[in-house]
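Here is what each chain is made of, one letter per residue.
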Amino acid sequence: MIFLEQVIAILWKDVRYELRSKQMWTGMGLFALLVLVIFNFTFDLRVDNVAAIAPGALWVAFVFASLLGLGRTIAAEREIGSMDRLLLCPVDRKAIYLAKLLGNMLFIGVVEIVALPIFAALFNVPLFVGALLPIVLLSTLGIAAVGTLFSAMAAATRARELLLPILVFPLIVPIVIGAVRATGTLLAPAVNEPPWLGLIAAFDVIFLTVSMLTFEYVIEE
Amino acid sequence: MRNFAHLSTNNGEMYSRGTLSGGQVYPCGRPDTRPASSPFFLEAKGLKKSFGLKPVLRSIDLTLSGGERVALLGANGAGKTTLLRILVGLTKPGAGSACIDGLDIVRDAQQVRHLVGFVAHQPYLYDELTALENLYFFGKMYTVKNIQERASLLLDKVGLEKSARERVAVLSRGQVQRLSLARALLHSPHHLLLDEPDTGLDQKGRDLVEALLEEHTARGGTILFTTHQLERALQMSDSIIMLNKGRIVFQKKRADLELDKLQKTYQEVT
């Protein structure tokens with residue numbers, strides 16, 4: 001019970017802080033939109049190739065925008081020294097991880113909600129909200145699970161902006177492949193496709209478990 | 001069997017004593033020989049710490065009994081802040097050990113966190129949250145009971161009742177420092193470790209802080225603080241320790257010291 005209360009308190013603090021400072025949401029949202037617009041102009045989109053290009057463009061926009069936000073969540077705490085203060089509290093480190101993960105999912109989720117209709121309009125594709133929801137949810141969970149752990153690791157270094165993508169990108173490749181292919185299947189149904197959603201869910205479980213177990217060692221000296 | 005009943009927040013009553021079987025306190029496994037009038041203690045033995053190849057602390061031995069206030073003096077880089085960070089559990093010692101009320105600061109870190117309040121050189125507050133929101137948040141982290149009452153009481157005591165709903169970002173440096181002290185006292189810790197607590201405080205702020213610290217030691221708590229002001233060290237402490245290059249080079253009771261003598265010694269040893 002105390003664990004949950006502390007998770008909610010940290011999450012509440014992060015959301016309130018972000019609502020007032022507006023550091024992440026605006027930057028992430030604008031970045032995602034810019035990527036979608038640039039891709040829209042870069043590719044020669046036709047009816048026959050849109051199903052192959054659009055999912056990739058969507059997930060590149062989401063992944064890049066996510067990394068912008070993921071880099072800030074723990075780095076911002078480190079910069080003002082408040083991470084030390086949080087570590088001084090008798091709080092289970094898993095509660096800190098879980099709260100940061102939920103916060104990251106929320107921030108990325110808001111950006112995705114804003115970006116999805118714009119993506120549908122720019123690429124002239126249907127949204128498939130019901131079918132797309134589990135793909136977006138599970139993929140965002142996987143990206144945020146890895147990103148939260150490695151943002152804690154990168155935040156302790158000087159080259160954090162450079163280090164975070166280098167650490168995170170290789171690990172989330174399976175999730176990105178699964179998300180792109182699963183989204184592509186919605187636009188152009190194919191036969192004999194592997195169960196992409198199941199693959200993403202399996203990676204989520206692995207990443208979440210490893211991150212929860214190792215966060216304590218990453219965050220403390 | 002260890003009894004951690006004393007770890008719960010008591011919101012200002014006389015601090016209770018942590019005991020093992022039969023009421024005897026065992027500091028990190030050894031029988032306590034301290035008198036019963038000193039229920040709390042902080043003890044460091046042979047603490048060492050290096051950053052890379054540079055030794056920062058070299059075998060520090062330190063003991064604080066309940067109700068005692070100790071000033072830690074030393075030039076920049078003497079190791080004062082590192083010593084405090086080790087004692088609060090933010091930095092792990094390279095060698096040696098430290099016990100707080102019978103609990104090892106490394107092995108029993110989670111329990112020790114309930115016993116210690118820390119005011120660092122940086123305020124460690126969320127500047128986009130209000131003073132009250134900061135206290136509520138940390139109250140939840142320490143599972144403080146009646147957090148609303150406790151936060152209001154502390155804001156009143158540090159003279160910030162009118163600024164309770166103002167964001168920390170708009171508070172002055174002195175007000176932020178007072179709020180930091182309120183946050184450190186929120187969970188009624190037995191031991192206060194303060195890194196230059198006077199930073200940014202005006203005379204009124206100093207008086208308020210002094211009254212709070214007086215109240216803390218009167219309830220049996222201990223205070224270990226660093227300062228660069230020798231006069232303040234004499235005013236606020238019961239004994240004075242000087243660090244130089246990670247070693248304790250001077251240790252004396254305040255009663256045996258006068259300001260000019262202290263200044264002379266400080267110049268000689270640092």
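Conventions and cut-offs
Residues numbered from 1 in each chain as written. Chains lettered and ligands numbered in written order. Predicted model: local features only at pLDDT ≥ 70, side-chain atom pairs only at ≥ 80, totals over all residues. Helix = DSSP H or I, 4+ residues; strand = E, 2+ residues; numbered from the N terminus. Buried ≥ 20, exposed ≤ 12 C-beta atoms within 10 Å, placed from the backbone. Contact = placed C-beta atoms within 7 Å. Nonpolar A, V, L, I, M, F, W, Y, C, P; charged D, E, K, R; others polar. Pairing = 2+ DSSP bridges. Axes fitted to C-alpha atoms, helices over the stretch in contact; angles between N-to-C directions. pLDDT = per-residue confidence, 0-100. Parallel < 35°, antiparallel > 145°, perpendicular 65-115°, else oblique. Left-handed = near helix turned anticlockwise from the far one by under 90°.

Engineer: In this structure, what is going on with the overall build of chain B? I would like to understand it.
Structural biologist: In terms of helices and strands, chain B carries eight helices and 10 strands. Considering chain B as a whole, with its 270 residues, one finds that 47% of them fall into the buried category. Taking contacts inside chain B between residues at least 6 apart in sequence as the whole, the part at least 24 apart equals 68%.

Engineer: Quick question: what am I supposed to make of the overall build of chain A here?
Structural biologist: Per the secondary structure count, chain A includes eight helices and zero strands. The order of α-helices and β-strands along chain A, N terminus first, is α-α-α-α-α-α-α-α. Along the first, second and third principal axes, the C-alpha set of chain A runs to 60 × 35 × 30 Å. Buried residues in chain A amount to 44% of all 221 residues. For chain A, long-range pairs separated by at least 24 residues make up 85% of all intrachain contacts whose partners lie at least 6 apart in sequence.

Engineer: Just checking my understanding: could you explain the environment of proline 93 of chain B for this structure?
Structural biologist: Residues and elements named next belong to chain B. With respect to the helices and strands, proline 93 occurs in the loop between helix 1 (80-88) and strand 4 (95-100). Residue proline 93 is classed as buried on the basis of its C-beta count, with 21 C-beta atoms lying within 10 Å. Each C-alpha atom of the pair proline 93 and glutamate 196 lies 22 Å from the other, and the pair is 103 residues apart in sequence. Once residues lying within four places of it in the same chain are set aside, the contact partners of proline 93 are Leu47, Lys48, Lys49, Ile86 and Ala98.

Engineer: Got a minute to help me understand unusual backbone geometry in this structure?
Structural biologist: Most peptide bonds take the trans configuration, and most residues that are not glycine carry a negative phi. Residues and elements named next belong to chain B. Despite not being glycine, tyrosine 124 has its phi angle at roughly 55°, a positive value. Position of tyrosine 124 relative to the elements: it lies in the loop between strand 6 (116-119) and helix 3 (131-141). For tyrosine 124, a count of 23 C-beta atoms within 10 Å gives the class buried. Positive phi values are uncommon outside glycine, yet glutamate 196 reaches one of about 50°.

Engineer: Would you mind going over the interface of chain A and chain B with me for this structure?
Structural biologist: Size of an interface, as often reported, equals the accessible area lost when the parts are brought together. Each partner contributes residues to the interface: chain A has 19 residues there, and chain B has 20 residues. At the level of elements, helix 1 (2-21) and helix 4 (82-88) of chain A are the ones that each hand at least two residues to the side of chain A that touches chain B. It is helix 1 of chain A that provides the largest number of residues to the side of chain A that touches chain B, a total of nine residues. In the side of chain A that touches chain B, the residues fall into eight nonpolar, four polar and seven charged.

Engineer: What am I meant to see in the sheet that holds strand 8 (residues 222-226) of chain B here?
Structural biologist: Paired through backbone hydrogen bonds, the strands of a sheet run either parallel or antiparallel to each other. All names here are of chain B. Here we have six strands laid out as an open sheet, ordered 6-7-8-3-9-10, and mixed in their pairing. Sheet topology places strand 6 and strand 10 (247-253) at the edges, where each strand pairs with a single neighbour. For this sheet the average axis-to-axis angle between neighbouring strands, irrespective of direction, equals 15°. Both strand 6 and strand 7 (residues 191-195) contribute to a ladder of four bridges, which runs parallel. Bridged to valine 116 within strand 7 is histidine 191. Across the sheet, helix 5 (residues 173-185) lies against strand 6 and strand 7, angled at about 170° from strand 6, the strand it touches most.

Engineer: Is there a simple way to explain the confidence of the model for chain B in this structure?
Structural biologist: All names here are of chain B. Of the residues in chain B, 86% reach a pLDDT of 70 or more, and the chain-wide mean stands at 85. Taken element by element, chain B is modelled with least confidence in helix 8 (residues 259-269), mean pLDDT 87, and with most confidence in helix 3, mean pLDDT 96. Here the prediction assigns the complex a pTM of 0.86, and the interface score ipTM is 0.87.

Engineer: What's the story with the sheet that holds strand 1 (residues 41-51) of chain B in this structure? I'm lost.
Structural biologist: All names here are of chain B. Taken in spatial order, the four strands make up an open sheet running 2-1-4-5, and their pairing is antiparallel. With one partner strand each, in any of the chains shown, strand 2 (54-65) and strand 5 (103-104) form the two edges of the open sheet. Both strand 1 and strand 2 contribute to a ladder of eight bridges, which runs antiparallel. Within the sheet, the bridge partner assigned to serine 50 lies in strand 2 and is proline 55. Relative to strand 1, helix 1 is tilted by about 120°, and along the sheet it contacts strand 1, strand 2 and strand 4.

Engineer: Would you mind going over the pairing of strand 10 of chain B with me for this structure?
Structural biologist: The side chains of a regular strand alternate between the sheet's two faces. Residues and elements named next belong to chain B. Where strand 9 (residues 239-244) and strand 10 come together, six bridges link them in antiparallel fashion. Within strand 10, the position partnered with isoleucine 240 by the bridge is lysine 252. Between the antiparallel neighbours strand 9 and strand 10 lie two residues, among them lysine 245 with a positive phi of about 50°.

Engineer: How should I be thinking about the confidence of the model for chain A in this particular structure?
Structural biologist: Close inspection of predicted coordinates is inappropriate in any region flagged by low pLDDT. Per-residue confidence for chain A gives a mean pLDDT of 89, with 100% of residues at or over 70. Within chain A, no element has a lower average pLDDT than helix 3 (residues 50-80) of chain A, which sits at 86, and none a higher one than helix 8 (residues 196-219) of chain A, at 94.

Engineer: Would you mind showing me how to read the packing of helix 7 (residues 160-187) of chain A against helix 8 of chain A here?
Structural biologist: When two helices pack together, their arrangement is captured by the angle between the axes and the distance separating the axes. Residues and elements named next belong to chain A. Here helix 7 crosses helix 8 at 155°, and the two axes come no closer than 9 Å. In terms of orientation, helix 7 and helix 8 fall into the roughly antiparallel class. Pair helix 7 / helix 8 crosses with left-handed handedness. Across the interface between the two elements, Pro174, Ile175, Gly178, Ala179, Arg181 and Ala182 of helix 7 pack against Trp196, Leu197, Leu199, Ile200 and Phe203 of helix 8.

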